[in-house]
Amino acid sequence: MTEGFTFVFLALAAAWAGAMGYSLLVVQPKAARFFRDDDQLEDFLLVMAHGNRWKVAPLIVGLLVTATLAKIYYVLPLYLVAAGIFAHVSWRHWPKRVFALPAEREGFRRALRVQAWAMTVLAGGAFLTALAATSGLF
């Protein structure tokens, strides 16, 4: 039974870390190069972000539940910190950013990159740690 929860946990963990990495390393840099007009770039980024919190929030809950059921307790602090950053980004950062003046946008983009990298490192580190531990590597 624990193996099934471990499998689900690892799949969810890989999905979150992979999606964050793809966004940071591929989508955002290409969007910044494609859109020459700052208003169009901001509109595109808002469209891309719209509704994501309602996909990621259940994924985080699934990670916390399956990690607990699989007895992978050591990753819980990493995911709780990442969840805290996610909550801040979703319910504080983006609402302020939507109403930001054009001169404030780059500061919001920079702050989001820092927070997104933090979530990616936490989620990726937790995934790799759990994968190594459940594979018997340590």
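Engineer: Residues and numbers for the nonpolar core, please.
Structural biologist: Counting residues in hydrophobic clusters, the biggest one holds 32 residues, and the most contacted among them are Phe9, Trp16, Val75, Tyr79 and Met119. Those elements that place two or more of their residues in this core are helix H1 (2–34), helix H3 (53–69), helix H4 (76–98) and helix H5 (105–134).

Engineer: If you had to explain the packing of H1 against H3 to someone new, which residues and values would you point to?
Structural biologist: Pairs of packed helices are described in terms of their axes, by the angle between the two and the distance that separates them. Interaxial distance between H1 and H3 falls to 8 Å at its minimum, and their mutual angle equals 145°. The element H1 and its partner H3 pack so that their crossing is left-handed. Contacts between H1 and H3 involve Thr2, Phe5, Val8, Phe9, Leu12, Ala13, Ala15 and Trp16 from the first element and Val56, Leu59, Ile60, Gly62, Leu63, Thr66, Ala67 and Leu69 from the second. Among the residues forming the contact of H1 with H3, the class breakdown is 13 nonpolar, three polar and no charged.

Engineer: Tell me what's going on with the environment of Val8, and back it up with residues and numbers.
Structural biologist: Examined against the element boundaries, Val8 turns out to sit in helix H1. Under the relative-accessibility criterion, Val8 is labelled partly exposed at 38%. Here the alpha-carbon distance between Val8 and Leu24, two residues 16 residues apart in the chain, equals 24 Å.

Engineer: Before we move on, can you summarise the environment of Ala49 with the specific residues and values?
Structural biologist: Relative to the helices and strands, Ala49 resides in helix H2 (residues 38–49). The spacing of Ala49 and Ile72 is 23 residues in sequence and 30 Å in space, taken between C-alpha atoms.

Engineer: Residues and numbers for the layout of surface pockets, please.
Structural biologist: In this structure, the largest pocket encloses a volume near 1100 Å³. Contributing to the lining of the largest pocket are 38 residues, with Ser23, Gln28, Ala49, Asn52 and Trp94 lying nearest its centre. When residues of the lining of the largest pocket are assigned to their parent elements, the largest contribution, 12 residues, is made by H1. Looking at the lining of the largest pocket residue by residue, the classes come out as 26 nonpolar, six polar and six charged.

Engineer: Help me get a handle on H1, residues and values and all.
Structural biologist: In this model, H1 (33 residues) spans 46 Å end to end at C-alpha, consistent with the 48 Å of a helix rising 1.5 Å per residue. At Ser23, H1 shows its maximal bend, which comes to roughly 40°. What H1 keeps buried is the set Thr6, Phe9, Leu10, Ala13, Trp16, Ala17, Met20, Gly21, Leu24 and Ala31.

Thresholds applied
- Residues numbered from 1 in each chain as written.
- Predicted model: local features only at pLDDT ≥ 70, side-chain atom pairs only at ≥ 80, totals over all residues.
- Heavy atoms only, no water.
- Core = buried A, V, L, I, M, F, W, Y, C linked by side-chain atoms within 4.5 Å.
- Buried < 20%, exposed > 50% of the residue type's maximum accessible area, 1.4 Å probe, protein only.
- Helix = DSSP H or I, 4+ residues; strand = E, 2+ residues; numbered from the N terminus.
- Axes fitted to C-alpha atoms, helices over the stretch in contact; angles between N-to-C directions.
- Left-handed = near helix turned anticlockwise from the far one by under 90°.
- Contact = heavy atoms within 4.5 Å.
- Nonpolar A, V, L, I, M, F, W, Y, C, P; charged D, E, K, R; others polar.
- 1 Å grid on protein atoms, 1.4 Å probe; cavity = no way out; pocket = protein on both sides within 12 Å on 5 of 7 lines; lining within 4 Å.
- Points joined across faces, edges and corners; volume = space filled by probe spheres on them.
- Expected span 1.5 Å × (residues − 1).
- Bend = angle between axes of the 7 residues up to and from the residue.

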